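A structural walkthrough
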Amino acid sequence: MSLLKIVRFPSPVLRQPTQEVKAVDRDIRRLVEDMMETMCDVNGAGLAAIQVGSLHRIFIIEALAAGGEKTDVPLVFINPVLSNLSTETDVRDEGCLSFPGVFISVKRSLKLQLSALDIDGKPFTVDAENFFARAIQHEHDHLVNKLLYDHAGPIKRQMIKRKLDKMTDEEAMDILRTYGD
Ligand SMILES: [Zn+2]
């Protein structure tokens, strides 16, 4: 396994269209393992493949965020499809590994369903609520190129740009390792 470089806003990579995974093969499994190691290294709650420069429609969510134990293996969602988003919502601050040190209030559905393929290529469906549902919506946003930045107002957007434009890779990693996602 190896650590991957996390793509940071405003990299144009984060706005590139994502692609369906045709087959869950050895290359995909290796990518997912590397994503897990990368997310773990910075204590993230979730990570989409596009955030490590791969356009595959894949994201992972930390087990703790999904209601499991911290030490459990992260959940893997390949070619995920969202459905049954509840009209009941809440607003909470969200972070993102591509926006080190930035937190934005985002309105999200409290409940949803998600169908996807697992690491063996088998289809499955989960019902998620609260923080797990929020994490899924955040990661799913990455697959349709929607970013935390898009949820911010004009003044906050200026602040984000200014902050991230001058941030070095080293500073970014320091912030992520301290605060996570
Ligand atoms: Zn994110």
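As shown above, the structure is provided for reference.
Residues numbered from 1 in each chain as written. Predicted model: local features only at pLDDT ≥ 70, side-chain atom pairs only at ≥ 80, totals over all residues.

What about the environment of Leu147?
Formally: Numbering of helices and strands runs from the N terminus, with a helix taken as a DSSP run of H or I at least four residues long and a strand as a DSSP run of E at least two residues long. The exposure scheme places C-beta atoms from the backbone and then counts, for each residue, the other C-beta atoms within 10 Å of its own, assigning buried at 20 or more, exposed at 12 or fewer, and partly exposed in between. We call two residues in contact whenever the C-beta atoms placed from their backbones are within 7 Å.
Along the chain, Leu147 turns up in the loop between helix H2 (130–143) and helix H3 (154–165). Classification of Leu147 by C-beta neighbours within 10 Å gives partly exposed; the count is 19. Between the C-alpha atom of Leu147 and that of Asp169, which follows or precedes it by 22 residues, the distance is 20 Å. Those residues in contact with Leu147, other than ones at most four positions away along the chain, are Phe9 and Leu14.

Overview of the environment of Phe132
Along the chain, Phe132 falls in helix H2. A count of 24 C-beta atoms within 10 Å places Phe132 in the buried class. When sequence neighbours within four positions are dropped, the list of residues in contact with Phe132 reads Ala65, Ala66 and Gly67.

Topic: the pairing of strand E7 (residues 123–129)
Where we set the bar: In short, DSSP must find at least two bridges between two strands for them to pair.
Where strand E6 (residues 111–117) and E7 come together, seven bridges link them in antiparallel fashion. Bridging from a neighbouring strand, Lys111 pairs with Glu129 of E7. Between E6 and the antiparallel strand that follows it, E7, lie five residues; Gly121 among them carries a positive phi value of about 80 degrees.

Quick notes on the sheet that holds strand E2 (residues 58–61)
The following threshold applies: Only the stretch in contact is used when fitting a helix axis, every axis being a line fitted to C-alpha atoms; angles between N-to-C directions are given from 0 to 180 degrees.
Spatially, E1-E2-E3-E6-E7 is the arrangement adopted by the five strands of the open sheet, whose pairing is antiparallel. Two strands lie at the open edges of the sheet, namely strand E1 (46–48) and E7, each paired on one side alone. Between one strand axis and the next, the sheet turns through 40 degrees on average, direction left out of account. The pairing of E2 with strand E3 (residues 75–83) spans four bridges and is classified as antiparallel. Note that in E3 the partner of Ile61 across the bridge is Leu75. Contacts between helix H1 (residues 26–41) and the sheet are confined to E1, E2 and E3, with E2 contributing the most and set at about 40 degrees to the helix.

Things to note about the pairing of E3
As paired strands, E3 and E6 are joined by four bridges and run antiparallel to one another. When the sheet's bridge partners are listed, Ser83 is paired in E6 with Gln113.

Topic: the nonpolar core
Here is the rule we go by: By our criterion, buried Ala, Val, Leu, Ile, Met, Phe, Trp, Tyr and Cys residues that link up through C-beta atoms within 7 Å make up a nonpolar core.
Phe59, Ile60, Ile61, Phe77 and Ile136 are the most contacted members of the largest nonpolar core, which totals 42 residues. Of all the secondary-structure elements, those providing two or more residues to this core are H1, E1, E2, E3, E6 and H2. Sort the elements by how many residues they give to this core and H2 lands first, with five residues. Each residue touching Ile61, except ones within four places of it in the same chain, is listed here: Ala45, Gly46, Ala66, Pro74, Leu75, Ala135, Ile136 and Glu139.

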